[in-house]
Each structure stands twice: as structure tokens, then as C-alpha cells.
Amino acid sequence: MSTRHILLGLLASGPSHGYDLKRRHDERFPQARPLAYGQVYTTLQRLVRDGLAEVDGTASDGGPERTAYRATDEGARELERWAGEIAPPAPFVTNEIFAKVVVSILTGGDAGAYLLAQRAAHMGRMRELTALKTAPGADLTTVLSADYALSHLDADLRWMTTTAARLTTLTTEVRTA
Amino acid sequence: MTHGDTATATHGTAAPPLLTARDLVKAHGRTEALRGASLGLRAGEILAVTGASGSGKSTLLHCLAGIVRPDAGSVTYGGLRLEELPEKRLSELRRTDFGVVFQFGQLIPELTAVDNVALPLLLAGTTRAEARARAGEWLERFGVRGQEELRPGEMSGGQAQRAALARALVTGPKAVFADEPTGALDSLATEQVMTALAHTARESGTAVLLVTHDAQVAAYADREVRLRDGAVSPLEVTA
Ligand SMILES: Nc1ncnc2c1ncn2[C@@H]1O[C@H](COP(=O)(O)OP(=O)(O)OP(=O)(O)O)[C@@H](O)[C@H]1O
Ligand SMILES: [Mg+2]
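Model, not experiment: these values are computed from the prediction. (Residues numbered from 1 in each chain as written. Chains lettered and ligands numbered in written order. Predicted model: local features only at pLDDT ≥ 70, side-chain atom pairs only at ≥ 80, totals over all residues. Heavy atoms only, no water.)

A.B. asks: Now, about the overall build of chain B: what can you tell me, with residues and values included?
C.D. replies: Counting its regular elements, chain B contains 8 helices and 10 strands. Taking 18 Å as the expected radius of gyration for a compact globule of 239 residues, we find that chain B reaches 18 Å, a close match to that expectation. Overall size of chain B, expressed as C-alpha extent along the three principal axes, is 50 × 45 × 35 Å. For chain B, the proportion of its 239 residues judged to be buried stands at 49%. Counting only contacts in chain B whose residues sit at least 6 apart along the sequence, the fraction spanning at least 24 positions is 67%. Entry remark: accessible area of chain B is about 11,100 Å², with carbon and sulfur atoms responsible for 52%. The averaged location of the 28 negative side-chain charges in chain B is 4 Å from the averaged location of its 25 positive side-chain charges. (Helix = DSSP H or I, 4+ residues; strand = E, 2+ residues; numbered from the N terminus. Rg over C-alpha atoms; globule rule 2.2 N^0.38 Å. Buried < 20%, exposed > 50% of the residue type's maximum accessible area, 1.4 Å probe, protein only. Contact = heavy atoms within 4.5 Å. Areas by Shrake-Rupley, 256 points an atom, 1.4 Å probe, with all protein chains shown as cover. Lys, Arg positive; Asp, Glu negative; His and termini not counted. Charge placed at Lys NZ, Arg CZ, Asp CG, Glu CD.)

Have a look at this one:
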């Protein structure tokens, strides 16, 4: 995930300072990991270094001094390029769940029990996300980001269900390999 | 009140189930579809029943709704043992208290959408105008608009499925038994139907038993019960 492009994107609507960018990021992408302030400031400095953003001015409004940033023309072009670029479908998928199942088989553990418990945890999270998106007054941003997370958890869950049904064969295959 | 009671009360489990099934056994010929399935369904809750194809979900739903009599075991509803009721009393109970959505539709082919939905109200003595008006509201709630006068043969699979759900809910039943009610719907229509169903359960205290193989649909439920080889293993009940 490219934090620099997301920040550039947020700057597209006008100059903004680091704190404001963090707040807007977290609102716009509710199910994403919240940005750390430190990460926002280092990213902004790199954008300036690379000529994609520049300092717009500083203001204090009576509080601590804040530096506002704006995107440069080059930043705008880079943003346009990035937004239209195809995100490569991941060639390698890290699958911690599969790794745990295989390790469990290798060590004589109970992979079936693990899958059941993991399934319950996934379902629990899916219920939370569903409650979030169906709460009265939930806006479309909340609904869509919950949907994205739900689809991914659902994919895990389908995989777990099929795997649980084929554990006997998998066990034979893993142990004889 | 003991501490234990307080704990269960805060978890919303204090209310006795509206419907309780114990050790249900049912064979279709030589296939044992249910081999001792037990569960409780409470007012106002959505209970998802999931499990592999052929694990006995539809058979369980039919037994719970009093459509099929189990070979052994009991279904208790409001102090009544369904298996002890004569057929006439049972079908009356189904009409007044239950709503059922079958896995494979079962709308009446000769009737339009709105008349299919209005039918349970007409059978209960509601006037035709009133029944059709309420049927229209339910169709609208499930996103079926402008198709009121279509017959099942002219509806899309998803429209027919939503009409069947509207028909199950139109009388304001105490319990709804829905077998894969979103199987023919795309994700947007699913969301609309499930939101309306969840709303009904919360607002009217309707108990909903929802058979589904879709985890995103099961996530609308308060609890999930997984069937395996015709039984519910206690380990597999998740709150
Ligand atoms: N009318 C019938 N006659 C004979 N066997 C039946 C009948 N109905 C169901 N069965 C058998 O009983 C078992 C359970 O069927 P059931 O329809 O309850 O499964 P299910 O969990 O609803 O499956 P699905 O997810 O495919 O709808 C299956 O093995 C099925 O073949
Ligand atoms: Mg079925």
C-alpha cells in the first residue's frame, strides 16, 4: 500500500497539514490500519525531497506551529499515473492459516480443532463488521470498507471449510512427503 | 438473583427459547438426514444454520417448522409439543405463528407476486384490499418494485425469492424459517434483504432461523449452529 500516493491524493483537494492528513486518512479508510503521525511526517518530507509536494506555509492559530503542504504539478502527474496503474494480482499469498495447518499436521497436532476455532474467530469478526455496516446512519464509506474486509474474511472462511473437509487426505500427503 | 443469573441476563440468554428441538432423528428412506440434532431458538434472534450440502439443514428446518414429523425427538413451541399435535391443529399453528421460505421457492404459479404475498393474510381473514396493500409494502421493503403483477414464471429467480420471503413475513409471524433465502440474489440485493430481515427480528421480536451456506449472510445472525452429519456438535455453536 503506497502511503505516499494516498497522502498525495488527500492533498489533491487543497493544502493540508500532517495532523489533518492523518485524521482524513483514518476517516476515509475506516477499516485500514490508522496512520501513525511519525509515518505521515516522514512521508511528507520524502514527497518534498522528491519534488512531489512542497511547503505551503506555517500557521499556529494560537496552538503549536503547523506546516501545511501542497502537491506540486509533478505530484499531480505522479498521482494520476499511480491511480490508473493496474495493481498486480499478488504472485505470492502469505497464508498464515495454511502454514499453521501444515505445521500442526507435521507436529501431530489437531489441525481440525484449530480450523474450527479459527473459523469461529473469523465469524465473530464478520458479525462485528456486519453490525458496523448495518448500524443506523452508517455512511457508504463505512459500508464499503466493511464489505471489503468481509469479502476477504469470507474468502479465508471458504478456504478453511474446504480444507477442513479434506484434512485426512492432506495429512497423508504432508506426512508421506 | 444470583451472580450466575446476572451474567446470563447481560448476555441476553435469560429468556427461555421460543422453540426448542431435542435429539431430532429423521430418515429419508435409508438416509439418516438427522441423527440427534438439538437447538433452541429465541424470540428476536437470528440463528444461522450452516453446514455442508446434505448435512441435514433443510430436513432440520422442515422438522422445526412442523412441516415434517421427526422419527424421534421433540420440538417444543410455546409449551406445545409439535409431534403430539393433530395435523389440523399443526397446520393452523403454522399459519398463525410461522412463516416459511422453502429452498426452492414454492410460489403459486397462477398468482401474481402481490397475490402470492397477500395469500396468507387472505387465509387469515384480512380483506383483499388490505391484504394487497400490506403485501405491496413487504415487496417494496425487499426491493421488488414494479413487479407486483408478474406471475412467478415471469419473475427472475431473485425476484421470486424475495416474494417468497415477503410472503413468509407478511402475517407478522412469531418465527420465520428461511432456507437459503438469498441463494439467488446478488450481493446488493442480499444486503437489502438481510438488513430488512434483521430489522424485523429486532423490531418485532420475530425469531429467525436462517439456513445458509454463505458466511456473509450468516454474519447477520446473532449465533451460528453448524450441522455435521445430521447433528449439532456443542463445540460448533458460536455466539
Ligand atoms: N425427500 C428425500 N428423499 C430421500 N432423501 C432425502 C430427501 N430429502 C433429503 N434427503 C437426504 O437427506 C440428507 C439431508 O438432506 P437435506 O436436504 O436436509 O440437506 P441440506 O443440508 O439441506 O443440503 P443442501 O445444502 O444441499 O440444501 C441428504 O443426504 C439427502 O440426500
Ligand atoms: Mg437444503
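A.B. asks: Requested: an account of the packing of aromatic side chains, with residues and values cited.
C.D. replies: Using the criterion set out here, one finds 5 aromatic pairs over all chains in the structure. Ring geometry for B:Trp138 versus B:Phe142: centroids 5.9 Å apart, planes at 35°, classification tilted. Taken together, the aromatic side chains of B:Tyr77, B:Phe98 and B:Phe177 make up a single cluster linked through ring pairs. For the cation-ring pair, A:Lys22 lies above A:Tyr37, with the distance from its terminal atom to the ring centre recorded as 5.5 Å. In this structure, B:Arg141 packs its charged tip against the face of B:Trp138, placed 4.1 Å from the ring centre. (Phe/Tyr/Trp six-rings, centres within 6.5 Å; stacked < 30°, edge-to-face > 60°. Lys NZ or Arg CZ within 6 Å of the ring centre and 35° of its normal.)

A.B. asks: Can you tell me about the sheet that holds strand β4 (residues 72–77) of chain B, naming the residues and giving the values?
C.D. replies: Residues and elements named next belong to chain B. Taken in spatial order, the 4 strands of this open sheet run β2-β1-β4-β5, and their pairing is antiparallel. Of all the strands in the sheet, the pair left with one neighbour each is β2 (31–41) and β5 (80–81). Along the sheet, helix α2 (residues 57–64) contacts β1 (19–28), β2 and β4; its crossing angle with β1, the most-contacted strand, is approximately 125°. (Pairing = 2+ DSSP bridges. Axes fitted to C-alpha atoms, helices over the stretch in contact; angles between N-to-C directions.)

A.B. asks: Now, about the site of ligand 1: what can you tell me, with residues and values included?
C.D. replies: Residues and elements named next belong to chain B. Around ligand 1 lies a shell formed by His-28, Thr-31, Ala-33, Ala-52, Ser-53, Gly-54, Ser-55, Gly-56, Lys-57, Ser-58, Thr-59 and Gln-103. At 2.8 Å, a backbone N or O of Gly-54 approaches an oxygen atom of ligand 1. One of the side-chain N or O atoms of Gln-103 is found 3.0 Å from an oxygen atom in ligand 1. For ligand 1, whose accessible area on its own is 630 Å², the fraction buried by protein is 59%. Comparing atom positions with the cavity grids shows ligand 1 to sit within the largest pocket. Elements with a minimum of two residues in the shell around ligand 1: β2 and α2. With 3 residues, α2 is the largest single contributor of residues to the shell around ligand 1. Of the residues contributing to the shell around ligand 1, the split by class is 2 nonpolar, 9 polar and 1 charged. (Near = heavy atom within 4 Å. Polar contact = N/O pair within 3.5 Å; in protein donor to acceptor, adjacent residues only side chain to side chain. 1 Å grid on protein atoms, 1.4 Å probe; cavity = no way out; pocket = protein on both sides within 12 Å on 5 of 7 lines; lining within 4 Å. Sits in = over half its atoms within 2 Å of the grid points. Nonpolar A, V, L, I, M, F, W, Y, C, P; charged D, E, K, R; others polar.)

A.B. asks: Provide a residue-level description of the coordination of the magnesium ion (ligand 2), including the pertinent values.
C.D. replies: Residues and elements named next belong to chain B. Listed as protein donors to the magnesium ion (ligand 2) are Ser-58 (OG) and Gln-103 (OE1); their distances from the metal cover 2.0 to 2.3 Å. In this pair, Ser-58 is assigned in helix α2 and Gln-103 in the loop between β6 (98–101) and α4 (113–123), connecting sequence segments 45 residues apart. Its relative accessible area of 32% is what places Gln-103 among the partly exposed residues. (Donors = N, O, S within 2.8 Å, 3.2 Å for Na, K, Ca; no water.)

A.B. asks: So, the UniProt feature "domain: Transcription regulator PadR N-terminal" (unreviewed entry) in chain A: which residues are in play, and what are the values?
C.D. replies: Residues annotated by UniProt as "domain: Transcription regulator PadR N-terminal" (unreviewed entry) correspond here to residues 7–80 of chain A. A helix fraction of 50% and a strand fraction of 20% characterise residues 7–80 of chain A, whose end C-alpha atoms lie 13 Å from each other. (UniProt positions renumbered as here; feature names shortened; annotations may be inferred.)

A.B. asks: Give me the packing of helix α6 (residues 111–134) of chain A against helix α7 (residues 140–165) of chain A: which residues, what numbers.
C.D. replies: Residues and elements named next belong to chain A. Where α6 contacts α7, the two axes come as close as 9 Å, and the packing angle between them is 160°. In terms of orientation, α6 lies roughly antiparallel with respect to α7. With respect to the hand of their crossing, α6 and α7 are arranged in left-handed fashion. Along the lines of polarity and charge, the residues of the contact of α6 with α7 split into 13 nonpolar, 6 polar and 6 charged. (Parallel < 35°, antiparallel > 145°, perpendicular 65-115°, else oblique. Left-handed = near helix turned anticlockwise from the far one by under 90°.)

A.B. asks: Requested: an account of the interface of chain B and chain A, with residues and values cited.
C.D. replies: Facing the 17 residues of chain B at the interface are 16 residues of chain A. Together, the buried faces of chain B and chain A total about 1,300 Å²; carbon and sulfur atoms form 54% of this surface. Counting the contacts that link chain B with chain A gives 2 salt bridges. Residue assignment for the side of chain B that touches chain A shows that the elements contributing at least two residues are α7 (187–204), α8 (215–218), β9 (223–228) and β10 (231–238) of chain B. In terms of residue class, the side of chain B that touches chain A is built from 6 nonpolar, 4 polar and 7 charged. (Buried area = accessible area lost by both parts, 1.4 Å probe. Salt bridge = Lys/Arg side-chain N within 4 Å of Asp/Glu carboxyl O.)

A.B. asks: So what's going on with the sheet that holds strand β2 (residues 53–59) of chain A? Which residues, and what values?
C.D. replies: Residue and element names in this part refer to chain A. Spatially, β1-β3-β2 is the arrangement adopted by the 3 strands of the open sheet, whose pairing is antiparallel. Each having just a single partner strand, β1 (16–17) and β2 make up the two edges of the open sheet. Relative to strand β3 (residues 66–71), β2 runs antiparallel, the two being bridged by 6 bridges. Residue pairing for β3: Val-55 is matched across the bridge by Tyr-69.

A.B. asks: Break down the nonpolar core for me, with residues and values.
C.D. replies: One recurring pattern in soluble globular proteins is that nonpolar side chains are buried together. A:Met126, B:Leu139 and B:Phe142 are the most contacted members of the largest nonpolar core, which has 49 residues in total. Filtering out sequence-adjacent residues up to four positions away, A:Met126 remains in contact with A:Leu150, A:Leu153, A:Asp154, A:Leu157, B:Ala215, B:Gln216 and B:Ala219. Judged by nonpolar contacts, the second largest core, of 31 residues, contains B:Leu82, B:Phe98, B:Ala207 and B:Leu209. (Core = buried A, V, L, I, M, F, W, Y, C linked by side-chain atoms within 4.5 Å.)

A.B. asks: Talk me through empty space enclosed by the protein; I want residue IDs and the actual numbers.
C.D. replies: Residue and element names in this part refer to chain B. Tallied over the entire structure, the rule returns 1 cavity of 30 Å³ or more. Lining the largest cavity are Cys-63, Gly-66, Val-68, Arg-69, Pro-70, Val-75, Leu-82, Glu-83 and Leu-90. Of the residues assigned to the lining of the largest cavity, the class counts are 6 nonpolar, 1 polar and 2 charged. (Points joined across faces, edges and corners; volume = space filled by probe spheres on them.)

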